[in-house]
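Listed here are the chains, written in short residue letters.
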2 protein chains.
Amino acid sequence: MRILVLGSAAGGGFPQWNCRCPVCQLAWSGDQRVKPRSQSSLAISADGERWLLLNASPDLRQQIIASMCLHPRGAKRHSPIGAVFVTNADVDHLAGLLTLREQQPFMLFGSRATLAQTGAGIFGVLNKDLVDTRVAELDVSVDTGLGIFVTPFAVPGKVPLYLEGANVAVGAESEATVGVELSDGAKSFFYVPGCAEINEGVRKRLAGAALVFFDGTTFTDDEMVNLGLSKKTAWRMGHVAMSGEKGSLERLASCAIGRKIYVHINNTNPVLIEDSPQRAAVERAGWDVAYDGMEICL
Amino acid sequence: MRILVLGSAAGGGFPQWNCRCPVCQLAWSGDQRVKPRSQSSLAISADGERWLLLNASPDLRQQIIASMCLHPRGAKRHSPIGAVFVTNADVDHLAGLLTLREQQPFMLFGSRATLAQTGAGIFGVLNKDLVDTRVAELDVSVDTGLGIFVTPFAVPGKVPLYLEGANVAVGAESEATVGVELSDGAKSFFYVPGCAEINEGVRKRLAGAALVFFDGTTFTDDEMVNLGLSKKTAWRMGHVAMSGEKGSLERLASCAIGRKIYVHINNTNPVLIEDSPQRAAVERAGWDVAYDGMEICL
């Protein structure tokens, strides 16, 4: 499988349009120690011709233009993108579906809860006669028709921000937030861009994996609070931090994962600064920090 | 007033993700005779500090990054964007509102019909406590609070694609598609990115204007049909072509407009090719073809 990181940042991207946190300030000033990053998405291909998208970010149009393998070929109207699998209904994972309009057939997969958000309003631009939308059940392998099979599984998370009511059940394991295991029949890897807690279930599932892309939203749980940007911890936003005793560095250290790559990295996360101590710490622990255009063959 | 063209292309942008029409093929191959263009939006400022957006395109995040005047300044969270006015509810004019999330106050204006599409579903990310949403009535001047006044007026158009039923009233003059007149109290100009027909009402309104940005979607009415890309004429899509006896070149020629600039240019339009006869024809007729980053002082 070829795996291409289309976007490595969390919602809002890096830099974020209205943010002057210390990391965004480096980006706005053009500092070479940080690379701008677009919002969270991967593209995967078994044959190098037809591609599956994991999530459709608001930056998808620019991501396609930046990735020659996703340019149209042959016919007057064409796209190598044959299918899209969405792991939750947050804006950073769903809004790119609006880019995939203009009379182009593709398959769309997601949980019932996630697809419920694409059935009305502005998402009506996706022509029902052309977009083959299919519910993916938890723990059941889905054949994307592209030589790639996807199995979604529930991870601790929460509903999307715009569906939050007065009381939000953070950490609930439901269809609202899923991780996925991808397989071409021979090899497999995991993609978990959002996960509020690394419990024993998550650890067992990822143990021994050849490759895991994992939620790298914040470095510390109180990162946004300490910066005075938000009252919400990473946990409250549905994400586990990298550091700390409950963090992904610690909790996934003993899982014997072949290659570990952080994705969905928030603009406030100091690992985005290439000479930061936090970046050095995650690399010492065997993690890569994904960047847009990063390519991996498995 | 400073006027900055953030995006000069029609819906889908140029090149369009799935299109290999002759003009898009030049863009995909990197031909220097065409400039890539993002989707339809203008930014206007009376003081050079605070900016009004006319429409919020799906490419808005990239447009902000490309425009230093729209970068945040001063506070930890800030944006020079103080207000957004949307002229219809098509994806290319509305989806960028999803980029303006993340706890930032601004004012949002549009007709009742247009704002009805931002009240539910994924647009719930716009925090009602921070986004001051106000209905703009036809033919009534709106004070944006930025030293700029906006007067919307109905032009022949249609409802957005995703709201089309079995029978579409193309050419109806309603709140669904508006043009706007902008004024700083001293000078004024018009922005009409979608207009299905140039009737006497449109001609009278624009007559004698200092500056008009006008619908430049297609060169010929049957452009998409002839290319085998669609069964729809420009008229059916709610746009008047440039050429022909009903076209904007002919119908606006005698209106004594000071400066005429085409915006909302579709990827199929040969005026995008800088050495094309169609480009030469519109320039001979006194029109400019807008490009991303074009700046005008009025």
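Values in this document were obtained by computation on a predicted structure and should not be read as measured data.

Visitor: Mind laying out the overall build of chain A, listing which residues take part and the relevant values?
Guide: What chain A contains, in helices and strands, is 8 helices and 14 strands. By the compact-globule yardstick of 19 Å for 298 residues, chain A fits well, its C-alpha radius of gyration being 18 Å. Expressed along its principal axes, the backbone C-alpha trace of chain A runs to roughly 50 × 40 × 40 Å. Taken over 298 residues, chain A has a buried fraction of 52%. Taking contacts inside chain A between residues at least 6 apart in sequence as the whole, the part at least 24 apart equals 68%.

Visitor: Mind laying out the interface of chain B and chain A, listing which residues take part and the relevant values?
Guide: Taken together, the contact pairs 39 residues of chain B with 39 residues of chain A. Broken down by secondary-structure element, the contributors of at least two residues to the side of chain B that touches chain A are α2 (60–66) and α3 (91–94) of chain B. Looking at the side of chain B that touches chain A element by element, the count peaks at 3 residues for α2(B). Here the residues of the side of chain B that touches chain A are counted per class, giving 18 nonpolar, 14 polar and 7 charged.

Visitor: Mind laying out the environment of D288(B), listing which residues take part and the relevant values?
Guide: Turning to its location among the elements, D288(B) is positioned in strand β13 (residues 287–289). The partly exposed category is assigned to D288(B), around which 16 C-beta atoms lie within 10 Å.

Visitor: Outline the sheet that holds strand β7 (residues 142–143) of chain A, supporting the account with residue identities and numerical values.
Guide: All names here are of chain A. Pairing is mixed in the open sheet, where 7 strands are placed in the order β7-β8-β9-β10-β11-β12-β13. Every interior strand has two partners, whereas the edge strands, β7 and β13 (287–289), have only one. Sheet analysis places strand β12 (residues 259–263) next to β13, joined by 3 bridges and oriented parallel. Across the sheet, K260 pairs through a bridge with W287, a residue of β13.

Visitor: Which residues make up the relation of the copies chain B and chain A, and what values go with them?
Guide: Expressed as a screw transformation, the operator carrying chain B onto chain A has a rotation angle of 180° and an axial translation of 0.0 Å, and the superposed copies differ by an RMSD of 0.0 Å. As the rotation angle and translation indicate, the two copies are arranged about a two-fold axis. In this assembly, 100% of the residues forming the interface of chain B have copies in chain A that are likewise at the interface, indicating an isologous arrangement.

Visitor: An account of the nonpolar core is requested, with residue identities and associated values reported.
Guide: Among the nonpolar cores identified, the biggest contains 166 residues, and L42(A), I44(A), Y262(A), L42(B), I44(B) and Y262(B) are the most heavily contacted of them. If sequence neighbours within four positions are ignored, I44(B) has contacts with M1(B), I3(B), W51(B), L52(B), L54(B), I148(B) and L182(B).

Visitor: Could you give me a rundown of the sheet that holds strand β11 (residues 211–215) of chain B, with the residues and numbers involved?
Guide: Residue and element names in this part refer to chain B. Across the sheet, which stays open at both edges, the 7 strands sit in the order β7-β8-β9-β10-β11-β12-β13 with mixed pairing between neighbours. Of all strands in the sheet, those bounded by a partner on one side alone are β7 (142–143) and β13. Alignment of strand β9 (residues 172–183) against strand β10 (residues 188–192), held across 4 bridges, turns out to be antiparallel. Paired with S183 across the two strands is S188, which belongs to β10.

Visitor: Kindly report on the pairing of β9(B), identifying the contributing residues and their values.
Guide: Residues and elements named next belong to chain B. Relative to β9, strand β8 (residues 149–157) runs antiparallel, the two being bridged by 8 bridges. Across the sheet, the residue bridging to G157 is A172, located in β9. What sits between the antiparallel neighbours β9 and β10 is a turn of 4 residues, in which G185 has the positive phi angle 95°.

Visitor: So what's going on with the environment of K158(B)? Which residues, and what values?
Guide: Residue and element names in this part refer to chain B. Turning to its location among the elements, K158 is positioned in the loop between β8 and β9. Distance in space between the C-alpha atoms of K158 and K128 is 28 Å, their sequence separation being 30 residues. Sequence-distant contacts of K158, defined by excluding residues within four places in its chain, comprise V168, A169, V170, A172, A176, T177, A196 and G238.

Visitor: Can you break down the confidence of the model for chain A residue by residue, with the values?
Guide: Detailed reading of the predicted coordinates is not advisable wherever pLDDT falls low. The predicted model of chain A has a mean per-residue pLDDT of 96, with 100% of residues at 70 or higher. Model confidence for the complex: the whole-complex pTM is 0.97, and ipTM, which rates the interface, is 0.96.

Visitor: Could you give an account of unusual backbone geometry, naming the residues involved and the relevant values?
Guide: Residue and element names in this part refer to chain A. F14 connects to P15 through a cis peptide bond whose omega is 0°. Here P15 is to be found in the loop between β1 (2–7) and α1 (22–28). A positive phi angle is found at A256, which is not glycine, with a value near 50°. Topologically, A256 is positioned in the loop between α7 (248–251) and β12. The backbone of H264 shows a phi angle near 55°, a positive value even though the residue is not glycine. Examined against the element boundaries, H264 turns out to sit in the loop between β12 and α8 (277–284). What makes H264 buried here is the crowd of 29 C-beta atoms within 10 Å.

Visitor: Give me the environment of A113(A): which residues, what numbers.
Guide: Residues and elements named next belong to chain A. Mapped onto the secondary structure, A113 falls in helix α4 (residues 112–115). Sequence-wise, A113 and L126 are 13 residues apart; in three dimensions their C-alpha atoms are separated by 18 Å. Among all residues touching A113, those that are not within four sequence positions of it are E175 and A176.

Thresholds applied
- Residues numbered from 1 in each chain as written.
- Chains lettered and ligands numbered in written order.
- Predicted model: local features only at pLDDT ≥ 70, side-chain atom pairs only at ≥ 80, totals over all residues.
- Helix = DSSP H or I, 4+ residues; strand = E, 2+ residues; numbered from the N terminus.
- Rg over C-alpha atoms; globule rule 2.2 N^0.38 Å.
- Buried ≥ 20, exposed ≤ 12 C-beta atoms within 10 Å, placed from the backbone.
- Contact = placed C-beta atoms within 7 Å.
- Nonpolar A, V, L, I, M, F, W, Y, C, P; charged D, E, K, R; others polar.
- Pairing = 2+ DSSP bridges.
- Least-squares fit on C-alpha atoms with pLDDT ≥ 70 in both.
- Core = buried A, V, L, I, M, F, W, Y, C linked by C-beta atoms within 7 Å.
- pLDDT = per-residue confidence, 0-100.

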